[in-house]
Amino acid sequence: MFRFIWRQLRGRAGRSVALLVGVLVATSGFVVLTGATTASRLAVTGTVERNTRAAYDILVRPQGARTPLEAERGLVRPNYLSGSYGGITPAQVDQVEAVAGVDVAAPIAMVGYSTTLIDMPVDLTDAIDRTLERQVIRIDRTFLAERGLSHAPAQPFYVYVTTHQLLYPTFGDSFRPDAVRYTDGRTYDVQECGLVPREVLPDGRNAEVCDPAAAQDPSLYTLTERQTWRVQTFRLLPDGRFERSTADGEAGRPQVTTEDRLVLHLNLNVPFLLAAVDPEAEQRLVGLSDAVVDGRPLAESDRATDNRYQGGLRSRTLPVLTTSRPFLDGTLRAGYTRIAPIRSIAGIRPENLAGALRGAPALPAGGSTQDAVSAYRKQLATGLDGGTCCFGELQRILQPGETGYDEHPDGTLRARKATIDASVYTDAELATRLARPWLTEDTSFRPLSVVKMPPSHKDARQWRAVGVFDPQKLAGFSDLGRVPLETYEPPQAEGADDRSRAALGGRPLEPNGDPAGYLSAPPLLLTNLASAQTLLTGTGRQSTAPISAIRVRVADVSGFSERSAERVRLIAEQINRVTGLDVDITLGSSPAPQTVELPAGSFGRPDLGLTESWSALGVASTITTAVDRKSVALFLLVLVVCALFLGNAVSAAVRDRRSELAVLTCLGWPARRIAALILGEVAVLGLAAGLLAVGLAFPLGGALGIGVDWRRALLAVPVAVLLALVAGLAPALRAAHAHPAAALRPAGGGGPLGTPTTHPARSGAGQPGPHAGAHSARRGRSSDRGGGADAGDRRRVRLPRRDRRQPAR
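Since the structure is predicted, the reported quantities are computational estimates derived from the model, not experimental observations.

S.K.: So what's going on with the confidence of the model for the protein chain? Residues and values would help.
M.R.: For the protein chain, mean pLDDT is 79; residues scoring 70 or higher make up 75% of the total. Below pLDDT 50 for its whole length, residues 747-809 participates in 23 contacts with residues either more than four positions away or in separate chains.

Put into structure tokens, the structure is as follows:
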């Protein structure tokens, strides 16, 4: 059979070459097109693999932690941890760590917001008139936030500068507010004005220069920083330097300093979010210890320390890592005016002091503007042992909840305003010596609660930094698209429309420092779990279940793939089965833009349309699945086109060979052999075309800029043979089942075997002609000689028809 097939192909070389070229072109095109499609799929999948590998693969949260919005849309808002406090026990953390396949299980316990002070020094040296005996510099403060859209004037601060001698309080072995010893050796009652300097008057008497802050001190927790005001006193020495009394910050003891420049230290009260972590697990997860840029890393062995001071005062200090980047949008603008000449303000009661100062004439003397981020970095530059860095109070810890939303039909969300219970700020048992941040008077979007701790009338709770970490040095961030699920990712929101973008000055909206504000900063203070327990004891469920979330990294997962996704899924199911906690697979998560309408604030910020980068869970799986479906559809389309082309070519070749195939049928070839002949011929051509396509695919792919590897090129051989067989199957079946007589009928012929429709010897009404017998005899003799019917037909002469009206001769 093979020799016969080969002779048939050689005998019809032109037709065979044409069919070979058709199969070759179709096969080469298929290989190159599928190579291009596969390259596109791998490019998309590769991008997904590189940019969906976050710091962790599974997020474990307390049961019921998912909000309805998360469950409905599969989205998680940025800094989701800022509204989650407790719910997971240490025993459940151990259960997660024990699950086979878990590489790292890093717990995190959100504690709440602690207020710290950012020092914002104001240099007033150039505003001083050194020729005056006494003068007052008034500092008019304005607080700004949210790209300057929120702005609020504050009560002024005053600096009293005198050339007269000042007396300062000193501490002995005991402290009595009604008998405090001063530098002149005498004792004075300081209950009304506090530990303030006393000015020596020209007549030899002295009187205290009252500071309103002393009168406000018992009720500072009811005020915001823009509602407080004070008077600070300096002495201008004959040599031009400035003398003042300050507190050393550790024990509150006053001390006298002399400086070349008159610098007033204004403060900005900033809430920092405190969280507790396992230092070792956090190092393995994100490289926390490697991100420390000053001081030392946090250790698991660190514990809160207790200190005792004179008068029975005690202080409990938590060790923390503080951030090098506060992620805070806040600015303090100060304008200076000089009030002079002026009488001495010594001896004026606090309730009368404001009227005396505000009614005096004043002249402009300059101004300054400072942003909170720059001031904080300058404060860090003084070192961890500096007088202004780095510590804060823990007397009052606030815990904000989740923001509520109203959903529009187009999917846009509108942030819902929240009502704050005033008791979180005005609880006298938790009174603090720090006023509240000014933005706590602004519109709120999160409910607030306060951590109930034992009263601390003589106990001070504070934190002090042992090191500084840079969040940007933490591992797990993608260069092309950061996943907002990252624990330390700073939240930002871009303007969603032209009006909002213009209002924001083309810059993103950032956290403003309000715990109840819309955007919440990530954890900026980190302590260990053991130290945090000293604060959370007796605080409800946090005392027994302090953990807010567990971030799990799965072993042997380096990127998104079907194998990795299935491995992570199985481990997530095991964690849920063992612990009963809510488990979300974060492998393959990606930023998902979400439009949010933010209502106007109380200090001038208008309504804003914002685009936030939320997190969509499982996006990588969706992307790769969609790309694979498109690839399959294109492959099928290419195959169909190739099969139709080849089928048409083979059908044309079979039609041209009908007579030959009919002769083979007459010679006794069965139908299956006829079909095998046709399929054998196209299979040989397909094999040859496939082998040629292997060599042609590489240069063709190179010319088109498409990479074709040798594995894909070798697929051309079976593809070409299969396509040829599929294309030749229908024509082969038609040829095998065709009747020999039908196959031999010429196009346009009438009867079988090619006989004419009208008999050439017929005349008249169909009567036989006079030579009919002679013709019959000749046919018989021709048949006897072996010419056959076909030979007789070829010898038959077709005469023209006579006109029936013409008489016969």
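S.K.: So, a nonpolar patch on the surface: which residues are in play, and what are the values?
M.R.: Among the surface-exposed residues, Val17, Val21 and Val25 lie close enough to one another that they form a single nonpolar patch of about 250 Å² accessible area. As for its placement among the helices and strands, Val21 is situated in helix 2 (residues 13-51).

S.K.: Could you give me a rundown of the nonpolar core, with the residues and numbers involved?
M.R.: One finds Ile58, Ile118, Leu124, Ile139, Val159, Ile550 and Ile575 to be the most contacted residues of the largest nonpolar core, which totals 80 residues. Not counting residues within four places of it along the chain, the set of residues in contact with Ile118 comprises Leu266, Asn267, Leu268, Val270, Leu328, Ala372, Ala375, Tyr376 and Gln379. One finds Ala55, Tyr56, Leu298 and Leu321 within the second-largest nonpolar core, a separate group that totals 29 residues.

S.K.: Tell me about the packing of aromatic side chains, and name the residues and values.
M.R.: Inspection of the entire model under this criterion finds 9 aromatic pairs. Ring centres 6.2 Å apart and planes at 80 degrees place the aromatic pair Phe445 and Tyr518 in the edge-to-face group. Note that Phe445 is positioned in the loop between helix 9 (423-426) and strand 25 (448-450) and Tyr518 in the loop between helix 10 (498-503) and strand 28 (525-528), a separation of 73 residues in sequence. The pair formed by Phe445 and Tyr518 is uniform in burial state, with each residue classed as buried. Aromatic ring contacts, followed pair by pair, group Tyr405, Phe445, Tyr518 and Trp614 into a single cluster.

S.K.: If you had to explain helix 13 (residues 562-579) to someone new, which residues and values would you point to?
M.R.: Taking 1.5 Å per residue as the helical rise, helix 13 with its 18 residues ought to reach 26 Å, and the 26 Å between its terminal C-alpha atoms agrees with that figure. Buried within helix 13 are the following residues: Ser564, Val568, Ile571, Ala572, Ile575 and Thr579. All buried residues of helix 13 fall inside an arc of 105 degrees around its axis, so they share one side. Facing away from the buried surface of helix 13 by more than 90 degrees, the exposed residues are Glu562 and Arg577.

Quick notes on the rules
- Residues numbered from 1 in each chain as written.
- Predicted model: local features only at pLDDT ≥ 70, side-chain atom pairs only at ≥ 80, totals over all residues.
- Heavy atoms only, no water.
- pLDDT = per-residue confidence, 0-100.
- Contact = heavy atoms within 4.5 Å.
- Patch = residues over 30% accessible without salt bridge, like charges linked within 9 Å, V, L, I, M, F, W, Y side chains within 5 Å.
- Areas by Shrake-Rupley, 256 points an atom, 1.4 Å probe, with all protein chains shown as cover.
- Salt bridge = Lys/Arg side-chain N within 4 Å of Asp/Glu carboxyl O.
- Helix = DSSP H or I, 4+ residues; strand = E, 2+ residues; numbered from the N terminus.
- Core = buried A, V, L, I, M, F, W, Y, C linked by side-chain atoms within 4.5 Å.
- Buried < 20%, exposed > 50% of the residue type's maximum accessible area, 1.4 Å probe, protein only.
- Phe/Tyr/Trp six-rings, centres within 6.5 Å; stacked < 30°, edge-to-face > 60°.
- Expected span 1.5 Å × (residues − 1).
- Arc of directions from axis to C-beta.

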